[in-house]
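# Geometric and topological summary
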Amino acid sequence: MLFVWVRITLQEVSKHVAVIKELIDNLPGIVAEALSVPGTDGELTSDEIEVKFETFGPFDVHSKDIEIIILANDYPERKKNLDERQTLIKEGVKRILYSGITGFVWVLPLPGSFGEF
């Protein structure tokens, strides 16, 4: 299970609702494909990606229009080429978004434990 946290300016959401909706709809697949480690516990499908979407608050300090922060379980196979995986996500996002928007993708591999009920 991975957690994707998308933060964006309210102005961008208001101006580009359809594009932002397309991003949210496609982000689980983009992230799963880029961060999956086939044949291990790190193998992922888009159904295993949780996305939290929120607009910046009045007291947030930020320098970009959109931030995509990904919390992922730490697997050696994932870490050895993490920059390449992050680039795949960034490029997938850029294909959906429009020119002029600024942002970043930050992948954070962490030790973790997930349990469903």
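To keep things clear, this report deals only with the structure shown in the data block. (Residues numbered from 1 in each chain as written. Predicted model: local features only at pLDDT ≥ 70, side-chain atom pairs only at ≥ 80, totals over all residues. Heavy atoms only, no water.)

To continue, consider the nonpolar core. Counting residues in hydrophobic clusters, the biggest one holds 28 residues, and the most contacted among them are Val-31, Leu-35, Ile-70 and Ile-89. With eight residues, the top contributor of residues to this core is helix H2 (residues 17-35). (Core = buried A, V, L, I, M, F, W, Y, C linked by side-chain atoms within 4.5 Å. Buried < 20%, exposed > 50% of the residue type's maximum accessible area, 1.4 Å probe, protein only. Helix = DSSP H or I, 4+ residues; strand = E, 2+ residues; numbered from the N terminus.)

A separate point is the pairing of strand S3 (residues 66-73). If a strand is regular, its side chains alternate between the two faces of the sheet. For S3, the tally of buried residues reaches six of eight residues, placing the bulk of the element in the interior. As paired strands, S3 and strand S4 (residues 103-110) are joined by eight bridges and run parallel to one another. Bridge assignment links Ile-69 to a residue of S4, and that residue is Trp-106. (Pairing = 2+ DSSP bridges.)

Looking now at the packing of H2 against helix H4 (residues 82-96). Contact geometry of H2 with H4 gives a least axis separation of 9 Å together with a crossing angle of 160 degrees. As far as their axial angle goes, H4 and H2 are roughly antiparallel. Remark: the crossing between H2 and H4 carries right-handed chirality. Judged by residue contacts, Val-19, Glu-22, Leu-23, Asn-26, Leu-27, Ile-30, Val-31, Ala-34 and Leu-35 of H2 engage Arg-85, Leu-88, Ile-89, Gly-92, Val-93 and Ile-96 from H4. A class-by-class count of the residues in the contact of H2 with H4 yields 11 nonpolar, two polar and two charged. (Axes fitted to C-alpha atoms, helices over the stretch in contact; angles between N-to-C directions. Parallel < 35°, antiparallel > 145°, perpendicular 65-115°, else oblique. Left-handed = near helix turned anticlockwise from the far one by under 90°. Contact = heavy atoms within 4.5 Å. Nonpolar A, V, L, I, M, F, W, Y, C, P; charged D, E, K, R; others polar.)

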